[in-house]
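Structure assessment
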Amino acid sequence: MNVELTLRHIDNPPPGFKEYVSEKVSHLSRFGVNIDRITLVAGDEHTHDLDRRYSMEIVVMSRGQRFVAKAAGPNLNVAADDAVARLSRQIVKHKERRKERT
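Notes on the structure in this doc start here. (Residues numbered from 1 in each chain as written. Predicted model: local features only at pLDDT ≥ 70, side-chain atom pairs only at ≥ 80, totals over all residues. Heavy atoms only, no water.)

If you check helix H2 (residues 76–101), its first and last C-alpha atoms are 38 Å apart, about what 26 residues at 1.5 Å a residue would give, namely 38 Å. Taken residue by residue, H2 has Leu76, Ala79, Ala80, Ala83, Val84, Leu87, Ser88, Ile91 and His94 as its buried positions. (Helix = DSSP H or I, 4+ residues; strand = E, 2+ residues; numbered from the N terminus. Expected span 1.5 Å × (residues − 1). Buried < 20%, exposed > 50% of the residue type's maximum accessible area, 1.4 Å probe, protein only.)

Next up, the structure:
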């Protein structure tokens, strides 16, 4: 499984962030899907208020099937957790649809 991480407008990511996200997305393979490639794009959304907001987009390619999840949160870890949770629901739903067809 190839994991690519891109940081946009983030100069200093939290220590261990790449390992944290890699561990989170590696759990997606437990659903029995053969994952070819995972692309992660983390960004700092420039807002005019005092609260910082981070976004995370995860794209999973699996045998021609593409799963995409986007999330935002007050820090990178929260955004990553939300995006992985959304991907999990998408993959489970996809597997259920495939079982219904057979």
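Once that is clear, we can look at the sheet that holds strand S1 (residues 2–8). Read from one edge to the other, the open sheet built from four strands follows the order S1-S2-S3-S4, with strand pairing classed as mixed. With partners counted over all chains shown, the strands left at the sheet margins are S1 and strand S4 (65–73), one partner each. Across the sheet, the mean angle from the axis of one strand to that of its neighbour is 10°, orientation sign disregarded. Note: strand S2 (residues 37–45) against strand S3 (residues 53–62), nine bridges, orientation antiparallel. If you follow Ala42 over to S3, its bridge partner there is Met56. (Pairing = 2+ DSSP bridges. Axes fitted to C-alpha atoms, helices over the stretch in contact; angles between N-to-C directions.)

For helix H1 (residues 17–26), the complete set of buried residues consists of Phe17, Val21 and Val25. Projected down its long axis, H1 carries its buried residues within an arc of 60°, all on one side. Seen from the buried face of H1, the exposed residues on the opposite side, beyond 90 degrees, are Glu19 and Glu23. (Arc of directions from axis to C-beta.)

Moving on, we come to the nonpolar core. A general trend in soluble globular proteins is that nonpolar side chains are found buried together. Within the largest apolar cluster, 25 residues are counted, with the highest numbers of intra-cluster contacts made by Leu28, Met56, Ile58 and Val60. Mapped onto this core, the elements with two or more residues apiece are H1, S2, S3, S4 and H2. Per element, the largest residue contribution to this core is seven residues, and it comes from H2. Those residues in contact with Val60 that lie beyond four places of it in its chain are Leu28, Ile35, Arg37, Ile38, Gln65, Arg66, Phe67 and Leu87. (Core = buried A, V, L, I, M, F, W, Y, C linked by side-chain atoms within 4.5 Å. Contact = heavy atoms within 4.5 Å.)

This part takes up the packing of H1 against H2. Between H1 and H2, the shortest axis-to-axis distance is 10 Å and the interhelical angle comes to 15°. The pairing of H1 with H2 is recorded here as roughly parallel in orientation. Handedness of the H1/H2 crossing: right-handed. Residue-level contacts link Phe17, Tyr20, Val21, Lys24 and Val25 of H1 to Leu76, Asn77, Ala80, Asp81 and Val84 of H2. Per-class residue counts for the contact of H1 with H2 are seven nonpolar, one polar and two charged. (Parallel < 35°, antiparallel > 145°, perpendicular 65-115°, else oblique. Left-handed = near helix turned anticlockwise from the far one by under 90°. Nonpolar A, V, L, I, M, F, W, Y, C, P; charged D, E, K, R; others polar.)

The next subject is the environment of Met1. Residue position: Met1 is located in the segment before S1. The spacing of Met1 and Ile38 is 37 residues in sequence and 7.4 Å in space, taken between C-alpha atoms. Excluding its chain neighbours within four sequence positions, the residues that come into contact with Met1 are Ser26, Ile35, Asp36 and Ile38.

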